[in-house]
Number of protein chains: 2
Amino acid sequence: MTSIRLLKGHGTGNDFVIVPDHDGALDLSEEQVRLLCDRHRGIGGDGVLRVVRVGADAEARALAALDPGAAEAQWFMDYRNADGSIAEMCGNGIRVFAQYLASAGLVGGQFDVLTRGGTRALLAAGPAGEWIVAMGQASRLPFIPAVTAHGGATASALSVLEIPNPHVVIKVVDEAALEALDLTVAPSVRPPLPHGQNVEFVAITGPRALTMRVHERGVGETLSCGTGICAAAIAASDHAPKVSPSTWPSVLSPSSDPELWTVTVPGGVCTVELRSDGEVLLHGPAVLVAELTVSSEWLGAA
Amino acid sequence: MTSIRLLKGHGTGNDFVIVPDHDGALDLSEEQVRLLCDRHRGIGGDGVLRVVRVGADAEARALAALDPGAAEAQWFMDYRNADGSIAEMCGNGIRVFAQYLASAGLVGGQFDVLTRGGTRALLAAGPAGEWIVAMGQASRLPFIPAVTAHGGATASALSVLEIPNPHVVIKVVDEAALEALDLTVAPSVRPPLPHGQNVEFVAITGPRALTMRVHERGVGETLSCGTGICAAAIAASDHAPKVSPSTWPSVLSPSSDPELWTVTVPGGVCTVELRSDGEVLLHGPAVLVAELTVSSEWLGAA
């Protein structure tokens, strides 16, 4: 009976079981992922982050061959949802993934990570587990569905965005209205997006500050959603009153590139950096909570 | 920065962070218990089981001095709820506690464990983590409150029992009715018990078999509740048709002492042994899932 070494970590309360599998020896089944993420019978997590070298995994080699931007990526983030299904990208998970790589001495400075949603550049933004992730660009979809939270009034969406997963962003009047929302049931979205959507409810709390709650597709309300945080900041920026720099004394002009939005979610705070070229950067924390050992017999691993 | 060794385990889905503290060096604060039990930012658990020698803990020495039955108990189960509060006993937790002691080679055969609810005898019932716990005797309370599950019809309680925590047991017509219950909201109990109550809804599924769901006081619906399982079996037995042994051919007579009830909960199956002298024994599984290491800095421990 051999033992398997794991870790547990979280980014703004979005938590993961990290499976170091540098040489691609583990072939995690859906059932094993569900057991690892089971919060009562397993370790517990919103998902699994399997850490494998790009060269040691057939899927990663195929993804890298199709992506010219992947040339520098040494590590593949094999991200699985708690239900065992495969997922593309996770803005909170990738910071936890990076924190594992850095704490294990496997990376330094800026580095790239290959994901099923493309290659992402990461940079440590401080000594205490703060990371900056280049999230790519968002696509704005040209239609405005009507959204109704359970038991609440119907409102029009502020924006519909893909980054790359689909988000519908709704503005509420203030933080009290945000707190009063019942998100135990999925909000109604009419018409719905073809592959479903995450729904972000946003209260604007300052010139470049917002508080949000999120209902994730297939999950329910969560403490945090990295791509949802980016989508909310983009939507708020698109609809914020724009000040022409020429109307301001230059010394008092707010810097407009990059534009930094502070986003508060139930699990913590992140900053979204919106660059004038459309690139979106997510700044946020990652915490490694524990190292774990489980028996391969328990996990049902070969 | 030192590290602290922990374990995680469960009994029928009721899960615990085990804190080995044999020599009583840790003084866990409420805040540390809440962090350990936090399912997103910590390890995650329904409670903490701190393992300490009776002689190494002032509270345990005081409890043992008051309890003549504690003379043989070497270990004290310092059980805390996930909210940091102190709890007396847990029928699922004590099996996980015993499984830790046995796997660490600290006990063998039958042994006693001191708890805030008294001393409990434990015996391994098989090689795979099956345990028998002597749960003591139950007290039947002579009043029958009316119970209404959220959105459902009002029914009279079958029995009200203390073992030693308070339980109200309700019979429903069948397993379909059990599944249909909405336990996301605490059932209404009129009149309520002075210190609140756990509420067990029970469907009788065979001569000595039942399926139940439980709403725990201050917690909500859980996958399992050890004392609730015992309370449900006692209530079902009290109300079951009694067969006089003299009316049966002796060779076919069902054994009436002990009386064994099979109780299915959402998290698994236990057996309750009801002895004619009133002693209640709980038979059920315990699983150690993982060994963990956290930093004392993370836990905020001295």
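Note that the structure is a prediction, hence the values are computed from the model and not measured.

(A) Expanded view of the overall build of chain A. The number of helices and strands found in chain A is six helices and 20 strands. Against the 2.2 N^0.38 benchmark of 19 Å for 302 residues, chain A shows a C-alpha radius of gyration of 20 Å, consistent with a compact globule. Burial status across chain A gives 52% buried among its 302 residues. For chain A, contacts bridging at least 24 residues in sequence account for 63% of all contacts bridging at least 6. Total accessible area on chain A is roughly 12900 Å²; 54% of this is exposed by carbon and sulfur atoms. Of the charged side chains in chain A, 20 are positive and 33 negative; the average position of the first set lies 1 Å away from that of the second.

(B) The arrangement of the side chain of E216 of chain B in detail. Residue and element names in this part refer to chain B. Note that E216 resides in strand β15 (residues 209-216). Buried and without a salt bridge, E216 has R217 as its closest oppositely charged side chain, separated by 7.7 Å. Reaching out from E216, the side chain makes a polar contact with the side chain of T222 at a distance of 2.7 Å. Once residues within four sequence positions are removed from consideration, E216 is found in contact with N198, T222, S224 and C225.

(C) Examining the domain arrangement of chain A more closely. Residue and element names in this part refer to chain A. You can read the domains of chain A as domain 1 (3-129 + 287-300) and domain 2 (139-284). Here the C-alpha centre of domain 2 lies 26 Å away from the C-alpha centre of domain 1. With ten residues of domain 1 at the contact, the number on the domain 2 side is twelve residues. Buried area between domain 1 and domain 2, summed over both chains or domains, comes out near 830 Å², and the portion from carbon and sulfur atoms is 53%. The interface formed by domain 1 and domain 2 includes three residue pairs in polar contact (both at pLDDT 80 or more).

(D) Seen up close, the interface of chain B and chain A. Opposite the 21 residues of chain B that make contact, chain A presents 21 residues. For the interface between chain B and chain A, the tally reads zero salt bridges. Where chain B meets chain A, there are nine residue pairs in polar contact (both at pLDDT 80 or more). Of all the elements in the fold, those that place two or more residues in the side of chain B that touches chain A are β1 (3-11) and β20 (287-295) of chain B. Among the elements that make up the side of chain B that touches chain A, the one with the highest residue count is β20 of chain B (seven residues).

The rules behind each value
- Residues numbered from 1 in each chain as written.
- Chains lettered and ligands numbered in written order.
- Predicted model: local features only at pLDDT ≥ 70, side-chain atom pairs only at ≥ 80, totals over all residues.
- Heavy atoms only, no water.
- Helix = DSSP H or I, 4+ residues; strand = E, 2+ residues; numbered from the N terminus.
- Rg over C-alpha atoms; globule rule 2.2 N^0.38 Å.
- Buried < 20%, exposed > 50% of the residue type's maximum accessible area, 1.4 Å probe, protein only.
- Contact = heavy atoms within 4.5 Å.
- Areas by Shrake-Rupley, 256 points an atom, 1.4 Å probe, with all protein chains shown as cover.
- Lys, Arg positive; Asp, Glu negative; His and termini not counted.
- Charge placed at Lys NZ, Arg CZ, Asp CG, Glu CD.
- Salt bridge = Lys/Arg side-chain N within 4 Å of Asp/Glu carboxyl O.
- Polar contact = N/O pair within 3.5 Å; in protein donor to acceptor, adjacent residues only side chain to side chain.
- Domains from an automatic or database assignment.
- Buried area = accessible area lost by both parts, 1.4 Å probe.

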